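Descriptive structure summary
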Amino acid sequence: MTSFDDKEHAVPPGSPGAPVLADPRTVRGRALVPVLVFLGMVVAVVSSLGAPLVPTVAADYGVSLGGAQWSLTITLLAGAVATPVLSRLSDGPHRRRVVLGALALIVTGCVLAALPAGFPLLLAGRALQGIGLGLTPLAMGVARDHLPGPRARSAVATLSVTTVAGVGLGYPLTGLIAQHLGFHAAFWVAAGAGAAVLAAAAFVLPASTHRPHRPLDAPGAVLLGLGLAALLVALSEGGQWGWTSARLLAVAAVAPLALGAWVRHELRTEHPLVALRLLRNRAVLAADVTGLVAGVGMYFLMSLVIRYVQTPVSAGYGLGRSVVVAALTLLPFSVASVGASRVAPLIGRRFGARAVMPAGSLAFVVAMLVFCFARSGLWEIFLLMGIAGLGVGCTFAAMPAFIVSAVPPGETGSALGVNQVLRVIGGSIGSALSAGILTAHTTPPARLPAESGYTVATLVGIGVWVFAGLAGLLLPARRPAGPGTAGDTSADAAGSTAGTAGRDGDGGRTAGPVAAVASTAARNGADDTGAAAGKVAAGATGSGPDGGEGHGQGGSRPGRAPADHREGR
């Protein structure tokens with residue numbers, strides 16, 4: 001997907017091609033990290049606005065719940081395409097302009113969504129907001145390039161944790177504003193915060209003229225967007241159009257044709273948008289299939305829970321709770337995902353690193369079983385979402401290790417970039433699939449599905465996570481790390497995951513913080529728990545004492561830079 005070329009090496013400061021370090025003696029230099037953190041927080045909050053609002057959007061605009069689900073699905077669709085596109089556009093001398101341009105589009109999207117001018121305009125705004133899913137890795141890239149080593153590592157870890165904090169803040173904030181002021185007000189607040197970030201970023205972001213220009217794979221972006229859009233329309237509208245209707249079959253036929261052409265194009269072009277050639281490696285393929293399927297299962301459950309909690313009890317099921325309560329049910333998911341940084345090392349030490357991802361899938365299966373058979377009380381919803389968070393945290397935190405141990409160091413970033421894109425794609429499929437199943441169990445003129453729809457959907461979700469666990473079992477055992485191999489790159493994997501994994505939606509964002517914080521702790525000689533977390537969350541078998549910091553934006557691991565300067569890209 002990206003980004004840093006295999007030929008790039010450390011460049012001494014002051015040399016031609018070296019980045020300009022932020023000067024802490026100036027206002028702009030001191031403000032760089034706070035502004036980057038503010039950017040990450042706002043982007044996380046904006047991208048989390050859609051999840052709790054689906055029933056509210058349906059009621060306000062008079063659309064079906066399946067149609068309203070597109071207010072979330074279209075954001076993920078846009079993010080799946082925007083993440084590799086922004087990464088490629090910023091991988092050159094124009095990163096500052098790319099970040100500012102993306103922020104401007106996000107603000108525009110918030111304004112469009114805030115205007116009570118119809119459902120299509122809301123969808124357009126939510127699509128523009130999806131661009132934000134690719135911005136935090138770019139912020140991490142700025143920190144890596146323009147801060148000295150220790151400050152850069154600290155900033156990347158802080159940005160990762162900020163992502164989770166932003167999501168945790170975004171859920172209840174969205175619910176509170178929507179309940180008391182209307183959901184349009186939530187987008188006005190987001191627009192104001194986005195405008196403030198845009199102004200601050202325009203003041204402090206340094207130029208990246210030291211980075212060489214690389215071409216954008218525009219045909220690849222078009223084919224990916226077309227194929228995903230056709231697939232998501234077919235999944236979400238099948239229940240309403242009829243699974244065998246001519247219209248659905250025509251749309252469904254476009255998906256494999258466009259995605260097949262995209263795969264063929266990516267394997268043949270010199271500068272692919274997503275480096276699919278790396279899927280020829282068995283470990284990379286197994287990890288990426290697991291990531292794709294896990295992304296489906298994660299958003300599948302989140303979408304079901306949000307709708308079920310807000311379903312009025314007059315329907316004969318549901319909890320009849322407000323949008324605020326529905327938003328709060330997602331908090332255990334985020335908190336438990338971060339807590340997986342403690343659980344994953346224990347599983348890795350006891351059963352081996354190969355067991356971490358299947359164990360995460362098993363935890364999610366347990367959560368789905370709870371939802372299938374015990375969903376009559378709010379405490380059960382909180383419980384199952386906490387279990388699901390542990391499952392996602394373990395699954396995504398362990399994934400990068402098998403990737404970086406299976407590819408040359410120079411291809412680490414590209415391999416992680418593929419994994420990141422597939423996770424976001426999986427999230428968009430999960431959102432659309434949940435809507436399609438519930439719509440298929442809705443009998444007009446009723447607006448709500450039969451309760452059996454939730455049971456069927458849950459059983460499908462269990463199947464999805466069983467498949468994810470089986471895919472994880474296909475991962476080959478990693479070889480012991482030797483000098484200059486996976487062990488040397490393990491700490492980098494964690495940091496890289498923070499940049500790449502942190503964009504796969506609400507739950508997927510947690511993998512980045514787990515890996516980034518753990519890798520920072522391991523590098524800085526933290527306690528045994530932190531070191532173990534760094535090894536297992538990054539999937540390491542050992543980390544070199546001088547391992548370079550991680551790379552977001554799908555960047556590959558560069559040559560080691562001296563401790564007193566950052567490396568030129």
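Counting restarts for each chain, with residues numbered from 1 along the sequence as it is written. Residue-level local features of this predicted model are given only where pLDDT is at least 70; pairs of side-chain atoms are given and counted only at 80 or more, and the full residue set underlies all totals for whole chains, interfaces and linings. Heavy atoms throughout the structure, all of them, feed into the side-chain values; hydrogens and water do not.

Note on soluble globular proteins: their nonpolar side chains tend to be buried together. The criterion is simple. A nonpolar core is a set of buried Ala, Val, Leu, Ile, Met, Phe, Trp, Tyr and Cys residues joined through side-chain atoms within 4.5 Å. Throughout, exposure labels follow a simple rule: accessible area from a 1.4 Å probe, protein chains only, divided by the maximum for the residue type, with under 20% read as buried, over 50% as exposed, and the rest as partly exposed. L135, L301, F371, L384, M385 and W465 are the most contacted members of the largest nonpolar core, which has 146 residues in total. Here a helix means four or more residues in a row that DSSP labels H or I, a strand means two or more in a row labelled E, and each is numbered from the N terminus. If one sorts the elements of this core by residue count, helix α12 (residues 282-310) sits on top with 15 residues. Should any heavy atoms of two residues lie within 4.5 Å, those residues are considered in contact. Residue contacts for L384: discarding those within four places in its chain leaves L301, V305, A367, V370 and F371.

Along the chain, R88 turns up in helix α4 (residues 70-90). Given a relative accessible area of 6%, R88 falls into the buried group. Reaching out from R88, the side chain makes a polar contact with the backbone oxygen of P272 at a distance of 3.1 Å. Residues adjacent in sequence count toward polar contacts only when both atoms are side-chain atoms; beyond that, a polar contact is any pair of N or O atoms within 3.5 Å, and within protein one must be able to donate a hydrogen and the other to accept it.

A few words on the environment of L224. Relative to the elements of secondary structure, L224 occurs in helix α10 (residues 218-241). Apart from the residues within four sequence positions on either side, L224 is in contact with A80, V81, L259, W262, L273 and I425.

Helix-helix packing is characterised by the crossing angle of the two axes and by the distance between the axes. Viewed as axis vectors pointing N to C, α4 and helix α5 (residues 95-114) meet at an angle of 145°, and their least axial separation amounts to 8 Å. Residues L86, L89 and S90 of α4 lie in contact with α5, whose contacting residues are R95, V98 and A102. Note on residue categories: nonpolar means Ala, Val, Leu, Ile, Met, Phe, Trp, Tyr, Cys or Pro, charged means Asp, Glu, Lys or Arg, and polar means any other residue, Gly included. The residue makeup of the contact of α4 with α5, split by class, is 4 nonpolar, 1 polar and 1 charged. Axes here refer to lines fitted to C-alpha atoms; in helices the fit is confined to the stretch in contact. Angles between the N-to-C directions go from 0 to 180 degrees.

Turning to a nonpolar patch on the surface, a few remarks are in order. In this analysis, a patch consists of residues with relative accessible area above 30% that form no salt bridge, clustered at 9 Å for like charges and at 5 Å for the nonpolar side chains Val, Leu, Ile, Met, Phe, Trp and Tyr. Using the Shrake-Rupley algorithm and a 1.4 Å probe, accessible areas are obtained, with residue cover drawn only from the displayed protein chains. Salt bridge, as applied in this entry: a Lys or Arg side-chain nitrogen positioned within 4 Å of an Asp or Glu carboxyl oxygen. Together, V466, L470 and L473 make up a nonpolar patch on the protein surface, roughly 260 Å² of accessible area in all. Structurally, V466 is set in helix α18 (residues 451-473). V466 gets classed as partly exposed once you look at its relative accessible area, which sits at 40%.

Looking now at the packing of aromatic side chains. Any two rings among Phe, Tyr and Trp, with Trp reduced to its six-membered ring, count as a pair given centres within 6.5 Å; such a pair is stacked if its planes are under 30 degrees apart, edge-to-face if over 60, and tilted if neither. Taken as a whole and assessed by the stated rule, the structure comprises 8 aromatic pairs. For the pair Y61 and F119, a centre-to-centre distance of 5.9 Å together with 55° between the ring planes defines the contact as tilted. Of the two residues, Y61 is situated in helix α2 (residues 54-61) and F119 in helix α6 (residues 119-129); the sequence distance between them amounts to 58 residues. Taking the relative accessible area as the measure of exposure, Y61 reaches 19% and is therefore buried. By the ring-pair criterion, three or more aromatic residues cluster together here, those being Y61, F119, F183 and F187. The ring of W241 is capped by R247, whose NZ or CZ atom sits 4.1 Å from the centre of that ring. In this analysis the charged atom, NZ for Lys or CZ for Arg, is taken to sit over a ring once it is within 6 Å of the ring centre and within 35 degrees of the ring normal.

Inspection of the secondary structure assignment puts T290 in helix α12. The class of T290 is buried, set by a relative accessible area of 0%. With sequence-adjacent residues up to four places away left out, T290 is seen in contact with M357, T395, M399, A468, A471 and G472.

The full count for this structure, using the stated rule, is 1 salt bridge. A salt bridge links E451 to R375, with the nearest nitrogen and oxygen atoms 3.4 Å apart. Pair noted here: E451 is in helix α18 and R375 is in the loop between α15 (356-373) and α16 (378-404), with a separation of 76 residues, a long-range link.

Next up on the list: the environment of V424. As for its position among the elements, V424 is in helix α17 (residues 412-440). Residue class for V424 comes out buried when judged on its relative accessible area of 1%. C-alpha separation for the pair V424 and G79, spaced 345 residues apart in sequence, amounts to 7.1 Å.

By relative accessible area, which is 32% here, E451 ends up partly exposed. Taking the C-alpha atoms as reference points, E451 and L438, 13 residues apart in sequence, are found 9.0 Å from one another. If sequence neighbours within four positions are ignored, E451 has contacts with Y308, G316, Y317 and R375. Within the structure, the side chain of E451 is placed 3.4 Å from the side chain of R375, a separation counted as a polar contact.

The values reported here are purely geometric and, on their own, carry no functional implication.
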